[in-house]
Amino acid sequence: MSTLKAVRGTRDLLPPETELWNHVEATARRVFGHYNFGEIRTPLFEDTSLFARGVGEETDIVSKEMYTWEDRARAQSEKAQSLTLRPENTAGVVRAYIEHKLGDTGLLQKLFYIGPQFRRERPQKGRYRQFWQIGAEVIGPISAGSESPLRDAEVLEMLATFLNELGIEGWTLEINSVGSATDRPRYIAALREALAPVKHLMCEDNQRRAETNPLRVLDSKDPNDQELINNLPKIADYLDEESKAHFEQVLAALDACGVPYRVNPRLVRGLDYYTRTTFEFTHGGLGAQNALLGGGRYDGLSENIGGPKAPGIGFAMGEDRLILTLQAERQQTATLADYYIAPLSIAQNPAALELARELRRKGLRIEIGDGSFRLKKSFELANKLAKKIILLGEDEASTGILTVKDFATAEQTKVARAEIV
Ligand code: AMP
């Protein structure tokens, strides 16, 4: 029989690495809590049409990367339905916002999520088919201030704080404005015009993009096309007064709180509903897949999937990549238990469990002996797993005085059981 393995592009997360994952998630919950965000958990799969409409039919994600299947009807009353494992979480959050009429509260909704996403991409370091995202969305009616540039700046400042609290240094925030829904067609028309005489000099991908989605030419990494791309018109020159003012206010707020950024006029997101602020945090240590997170404003998304007008801004962060960055910066070792309790005969097993129970209730991390009841082996194992060993033999049982050895100091002492507990 062939051995079964985790499917290509998926992986098991094992201790001690999972401790790092829990640390990252606990930090996200704590930091986002300071900004008064609440957690949302949406289903792992949704109706396929949500992503077709909410992410965009013409994107790589929807056109070639989704795990989609026909969920067959199980009763006459049911209809077969096309379902998809979520490739991202914003569409699900906005669907929930609409479904639960969260806009009717009149309040701004500040929601964060942590969970797996699924895309059928070519796996490589930092790119998986099941990967985790930590993300957040700020969405609500205009009357709740959802369009304010302060929202954009607050989200960016929160991200800077989160990365700094994790101890991730050396990140770069790149930011741009892609303008309003009316700025965009004017800019795209100008792009098409500028691309027409030069596109035949570009790589095949860019020639195709120049036709289908000229904005995407801007984020091409093809080294030979860079000079041509740098000479294309800049979106900043096509922003209306309102979009310009919005962008300036976002930058002024970032300046005021000292969050460093770099305006990158080529940072665009190829989807129709993205508006105004777009951003990305990158980290040099990640290699080819250097994007830690991306996000932006999506003032038209709710309407796009049949909801009320509900401007919003959000981001999605690659948790796998956060972990890679943290692992590169620190050496991780397994956490040692506080005590290893070694029963020296089978008769001491119940007493070992009882002592372990009492110490665990005090919040200590306890490992219990291996059942060999051999002193030398107990010491060897304990030295790998714990900071100290407690011996439980017949003497200890009758006197209530336990032998404790501290591996850091190599000191061995007799301590009353009551004192330890
Ligand atoms: P996106 O939803 O494409 O804007 O991606 C947001 C973030 O999710 C990226 O900046 C990455 O950090 C992370 N990400 C996206 N796709 C993958 C993947 N296949 N594997 C690991 N992380 C990913």
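Residues numbered from 1 in each chain as written. Predicted model: local features only at pLDDT ≥ 70, side-chain atom pairs only at ≥ 80, totals over all residues. Heavy atoms only, no water.

1. A look at the packing of aromatic side chains
Any aromatic ring pair is given by two values, namely how distant the centres are and how the planes are angled relative to each other. Filter applied, for reference: Any two of the Phe, Tyr and Trp rings considered here, Trp counted by its six-membered ring, make a pair once their centres fall within 6.5 Å; the pair's planes then place it as stacked at under 30 degrees, edge-to-face at over 60, or tilted in between. A run of H or I in DSSP counts as a helix once it spans at least four residues, and a run of E counts as a strand once it spans at least two, with each numbered from the N terminus.
By the definition in use, this model includes 8 aromatic pairs. Geometrically, the ring pair formed by Phe32 and Phe112 is edge-to-face, given 5.5 Å between the ring centres and 70° between the ring planes. Taken as a pair, Phe32 in helix 1 (residues 17–34) and Phe112 in strand 5 (residues 109–118) lie far apart in primary sequence, 80 residues in all. A centroid spacing of 6.1 Å and a plane angle of 75° characterise the contact between Phe32 and Phe315, whose relative ring orientation is edge-to-face.

2. Some details on the sheet that holds strand 12 (residues 337–343)
What counts, and what does not: Any two strands between which DSSP finds at least two bridges are classified as paired. Between N-to-C directions, angles span 0 to 180 degrees; the directions come from axes that are lines fitted to C-alpha atoms, helices contributing only their stretch in contact. Throughout, a contact is declared for two residues whenever any of their heavy atoms are within 4.5 Å.
Here 5 strands make up an open sheet; going across it, the order is 13-12-14-15-16 and the pairing mixed. The open sheet has two edge strands, strand 13 (366–368) and strand 16 (411–416), and neither has a second partner. When strand polarity is set aside, the average angle formed by the axes of neighbouring strands in this sheet is 25°. As paired strands, strand 12 and strand 14 (residues 386–392) are joined by 6 bridges and run parallel to one another. Bridge pairing in strand 14 links Tyr339 to Lys388. The strands touched by helix 12 (residues 349–361) are strand 12, strand 13, strand 14 and strand 15 (401–406); relative to strand 13, the strand with the most contacts, the crossing angle is about 170°.

3. Remarks on unusual backbone geometry
Which entries qualify depends on this criterion: Only protein chains enter the accessibility calculation, which uses a 1.4 Å probe. A residue is then buried if its area is under 20% of the maximum for its type, exposed if over 50%, and partly exposed in between.
Put simply, Pro15 and Pro16 share a cis peptide bond, and its omega is 5°. Its location among the elements puts Pro16 in the segment before helix 1. Residue Lys101 is not a glycine yet carries a positive backbone phi of 50°. For Lys101, the position within the fold is in the loop between helix 4 (90–99) and strand 5. Its relative accessible area of 56% is what places Lys101 among the exposed residues. For Ala410, which is not a glycine, the phi torsion comes out positive at approximately 65°. Mapped onto the elements of the fold, Ala410 is located in the loop between strand 15 and strand 16. Classification of Ala410 as exposed rests on a relative accessible area of 54%.

4. Here's the deal with a nonpolar patch on the surface
Defined as follows: Patch criteria: residues need more than 30% relative accessible area and no salt bridge. Like-charged residues are merged within 9 Å; nonpolar side chains of Val, Leu, Ile, Met, Phe, Trp and Tyr are merged within 5 Å. Note on areas: these come from Shrake-Rupley sampling with a 1.4 Å probe, and a residue is covered only by the protein chains present in the view. Salt bridges are defined as contacts in which a side-chain nitrogen from Lys or Arg sits within 4 Å of a carboxyl oxygen from Asp or Glu.
On the surface, Leu44, Phe45 and Trp69 cluster together to form a nonpolar patch covering roughly 270 Å² of accessible area. Within the element layout of this structure, Phe45 appears in strand 2 (residues 45–47).

5. Regarding the side chain of Thr403
This is how it is decided: A 3.5 Å cut-off defines polar contacts: any pair of N or O atoms within that distance qualifies, except that in protein one atom must be a possible hydrogen donor and the other a possible acceptor, and neighbouring residues in sequence count only when both atoms are side-chain atoms.
Secondary-structure assignment places Thr403 in strand 15. Exposure remark for Thr403: the relative accessible area of 6% places this residue in the buried category. Only 3.1 Å separates the side chain of Thr403 from the side chain of Glu396, close enough to count as a polar contact. Not counting chain neighbours up to four residues away, the residues in contact with Thr403 comprise Ile389, Ile390, Leu391, Glu396, Gln412, Thr413 and Lys414.

6. Observations regarding the site of the ligand
Selection rule: In these notes, residues near a molecule or strand are those with any non-hydrogen atom within 4 Å of it. Residues are grouped as follows: Ala, Val, Leu, Ile, Met, Phe, Trp, Tyr, Cys and Pro are nonpolar; Asp, Glu, Lys and Arg are charged; all remaining types, including Gly, are polar.
Residues in close proximity to the ligand total 15 residues, the closest being Arg119, Glu121, Tyr128, Gln133 and Ala291. Residue Gln133 places a side-chain N or O atom 3.1 Å away from an oxygen atom belonging to the ligand. Between the ligand and Leu292 there is a distance of 3.1 Å, counted from an oxygen atom to a backbone nitrogen or oxygen. Starting from 480 Å² of accessible surface for the ligand in isolation, the protein chains cover 87%. No other element matches strand 10 (residues 291–297), which puts 4 residues into the shell around the ligand. When grouped by side-chain class, the residues that make up the shell around the ligand number 6 nonpolar, 4 polar and 5 charged.

7. Considering the pairing of strand 9 (residues 275–283)
Among the 9 residues of strand 9, 8 are classified as buried, and the element is accordingly described as predominantly covered. Sheet topology places strand 7 (residues 171–177) next to strand 9; 7 bridges connect them, and they run antiparallel. Paired with Glu174 across the bridge in strand 9 is Glu280. In this structure, strand 9 lies alongside strand 10, joined through 6 bridges in antiparallel fashion. For Phe281, the partnering residue across the bridge sits in strand 10 and is Leu293.

8. What about the pattern of salt bridges?
Tallying each qualifying case throughout the model produces 22 salt bridges. Between Arg30 and Glu165 there is a salt bridge, with its nearest N and O atoms 2.8 Å apart. Here Glu165 lies in helix 5 (residues 149–166) and Arg30 lies in helix 1, a separation of 135 residues in the sequence. The exposure class assigned to Arg30 is partly exposed, which follows from its relative accessible area of 41%. Two residues, Glu99 and Arg95, come together in a salt bridge whose shortest N-O distance is 2.8 Å. Here the residue Glu99 and the residue Arg95 both occupy positions in helix 4, the gap between them amounting to 4 residues, near one helical turn.

9. What about the sheet that holds strand 3 (residues 68–71)?
With antiparallel pairing, the 3 strands of this open sheet are ordered in space as 2-4-3. With one partner strand each, in any of the chains shown, strand 2 and strand 3 form the two edges of the open sheet. On average, adjacent strands in this sheet sit at an angle of 35° to one another, irrespective of strand direction. Alignment of strand 2 against strand 4 (residues 81–85), held across 3 bridges, turns out to be antiparallel. Its bridge partner lying in strand 4, Asp47 is registered against Leu83. This element, helix 2 (residues 48–56), spans strand 2, strand 3 and strand 4 of the sheet and lies at about 80° to strand 2.

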